[in-house]
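These are the residues of each chain, in order.
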Amino acid sequence: MGLRENAAAAAGRTLTDEEHDYSAEAETESTPQPDPMADYEPGDDDPDMVPVHIAWLRVRKEVRAISKSEQYNGGGTRFNFRGVDTVVNTFGPVTLKHGINIFPVGVEAEHRDTTTSKGNKMRECTVTVSWMVMGPKGDTLPALLKSRGEALDSADKGTAKAQSVALRVLLLTGGLTPTHDKDPDTSYVERGNDGPARSAESYRDEILDKKTSQGRLQQIGYELGNLRMLNAKVQNETGEMETLDGLGRRIYSERAGGTQ
């Protein structure tokens, strides 16, 4: 309270708006408040206050590899994969240790209704997520990172699943995380010339065959690439013309049911 207010109070009255002096209040309000973190010093349990790119490099040094230890086995299809939980459980404690925070700052989602090979109605979601990677000092990587994820669901979980897949893709690609599995290029078999070349239609029939596993579909894609037949067009199951590459990818995705 200023001198005018004190004098008015002693006289038993209140200042009018014209008499009131707001300068002291304005001065108080404009005075900058002290920074509560000005005297902060990292403790023994805190991460080193290093730039974000150094902190992320330290994360990569600790997360050396994540193997495809999980297996999908259903519908006559079997394959190994690295699940979302496995990847997050691996990266989570290490990013916490080095002060790395990862925030989704933008999500673009696309939805469409689809049907599985068994005739079940599903909702397909494809998302593009923009991520911000922040280091222990509060600085961020110079550009937003983007990753995509796809998922199928019969209820209302498709978008959440797709975003989880996008997070897994970000961590694995941003971390350049190997599997330490056997490289398929370590084995090579020379193709013989004694057999007749397969037709595009025969590959189409094998791709559409419900007994063809996802592993075989991947192998067919490899064969078509070697034969330079990926862009060969065939009549698909609905009577439309489609490339063998597009047909193979679509059938593989339908049979995967959003699980990678």
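Computed from a predicted structure; not experimentally measured. (Residues numbered from 1 in each chain as written. Predicted model: local features only at pLDDT ≥ 70, side-chain atom pairs only at ≥ 80, totals over all residues. Heavy atoms only, no water.)

**Some words on the overall build of the protein chain**
When its secondary structure is counted, the protein chain shows 8 helices and 7 strands. Classification of the 260 residues of the protein chain by burial places 28% in the buried group. Residue pairs in contact within the protein chain that sit at least 24 positions apart in sequence constitute 57% of those at least 6 positions apart. Carbon and sulfur atoms form 50% of the exposed surface of the protein chain, whose accessible area is close to 17,500 Å². (Helix = DSSP H or I, 4+ residues; strand = E, 2+ residues; numbered from the N terminus. Buried < 20%, exposed > 50% of the residue type's maximum accessible area, 1.4 Å probe, protein only. Contact = heavy atoms within 4.5 Å. Areas by Shrake-Rupley, 256 points an atom, 1.4 Å probe, with all protein chains shown as cover.)

**Some words on the environment of Pro104**
Counting through the fold element by element, Pro104 comes out in strand β3 (residues 101–115). Since its relative accessible area comes to 48%, Pro104 is described here as partly exposed. A sequence separation of 27 residues divides Pro104 from Trp131, and the C-alpha atoms of the two residues are 4.6 Å apart. In contact with Pro104, other than residues within four places in its own chain, are Val129, Ser130 and Trp131.

**A short note on the packing of helix α7 (residues 214–227) against helix α8 (residues 244–256)**
Between α7 and α8, the shortest axis-to-axis distance is 10 Å and the interhelical angle comes to 165°. The angle between the axes of α7 and α8 places the two elements in the roughly antiparallel class. For the pair α7 and α8, the crossing hand works out as left-handed. On α8, the residues that touch Gln214, Leu217, Gln218 and Leu224 of α7 are Leu244, Ile251, Tyr252, Arg255 and Ala256. Taken together, the residues of the contact of α7 with α8 sort by class into 6 nonpolar, 2 polar and 1 charged. (Axes fitted to C-alpha atoms, helices over the stretch in contact; angles between N-to-C directions. Parallel < 35°, antiparallel > 145°, perpendicular 65-115°, else oblique. Left-handed = near helix turned anticlockwise from the far one by under 90°. Nonpolar A, V, L, I, M, F, W, Y, C, P; charged D, E, K, R; others polar.)

**Let's talk about a nonpolar patch on the surface**
Nonpolar side chains collect at one region of the surface, where Phe103, Val105 and Leu144 lie side by side and expose about 260 Å² of accessible area between them. Within the fold, Phe103 resides in strand β3. (Patch = residues over 30% accessible without salt bridge, like charges linked within 9 Å, V, L, I, M, F, W, Y side chains within 5 Å. Salt bridge = Lys/Arg side-chain N within 4 Å of Asp/Glu carboxyl O.)

**Some details on the side chain of Thr126**
Positionally, Thr126 belongs in strand β4 (residues 121–134). Assessed through its relative accessible area of 11%, Thr126 is described here as buried. With sequence-adjacent residues up to four places away left out, Thr126 is seen in contact with Glu108, Ala109, Glu110, Arg148, Gly149 and Glu150.

**Concerning helix α6 (residues 200–208)**
Taken together, the buried positions of α6 are Ala200, Tyr203, Arg204 and Ile207. Down the axis of α6, the buried set is contained in an arc of 105°. They therefore lie on one face. Where α6 is buried, its residues touch α7, β6 (233–235) and α8. (Arc of directions from axis to C-beta.)

**A word on the environment of Ala109**
Within the secondary structure, Ala109 is located in strand β3. Here the alpha-carbon distance between Ala109 and Thr159, two residues 50 residues apart in the chain, equals 7.4 Å. Those residues within four positions of Ala109 in sequence are excluded, and the remaining contacts are Cys125, Thr126 and Val127.

**Points about helix α5 (residues 158–174)**
Compared with an ideal rise of 1.5 Å per residue, which puts 17 residues at 24 Å, α5 spans 24 Å between its outermost C-alpha atoms and is within 8% of the ideal. Residues Gly158, Ala162, Val165, Ala166, Arg168, Leu170, Leu171 and Leu172 constitute the buried set of α5. Where α5 is buried, its residues meet α3 (52–62), α4 (84–97), β3, β4 and β5 (145–153). Immediately beyond the C-terminal end of α5, within one or two residues, lies Leu176, with a positive phi of roughly 45°. (Expected span 1.5 Å × (residues − 1).)

**Examining the pairing of strand β2 (residues 77–81)**
Because side chains alternate across β2, one face comprises the buried residues Thr77, Phe79 and Phe81, and the other comprises Arg78 and Asn80, none of which is buried. Pairing analysis gives 5 bridges linking strand β1 (residues 70–74) to β2, with the strands arranged antiparallel. In the strand pairing of β2, Gly74 is matched with Thr77. (Pairing = 2+ DSSP bridges.)

**Comments concerning the pattern of salt bridges**
A complete count under the given rule lists 14 salt bridges for this structure. Between Asp113 and Arg123 there is a salt bridge, with the nearest N and O atoms lying 3.0 Å from each other. Of this pair, Asp113 sits in strand β3 while Arg123 sits in strand β4, placing them 10 residues apart in sequence. A relative accessible area of 60% means that Asp113 is categorised as exposed.

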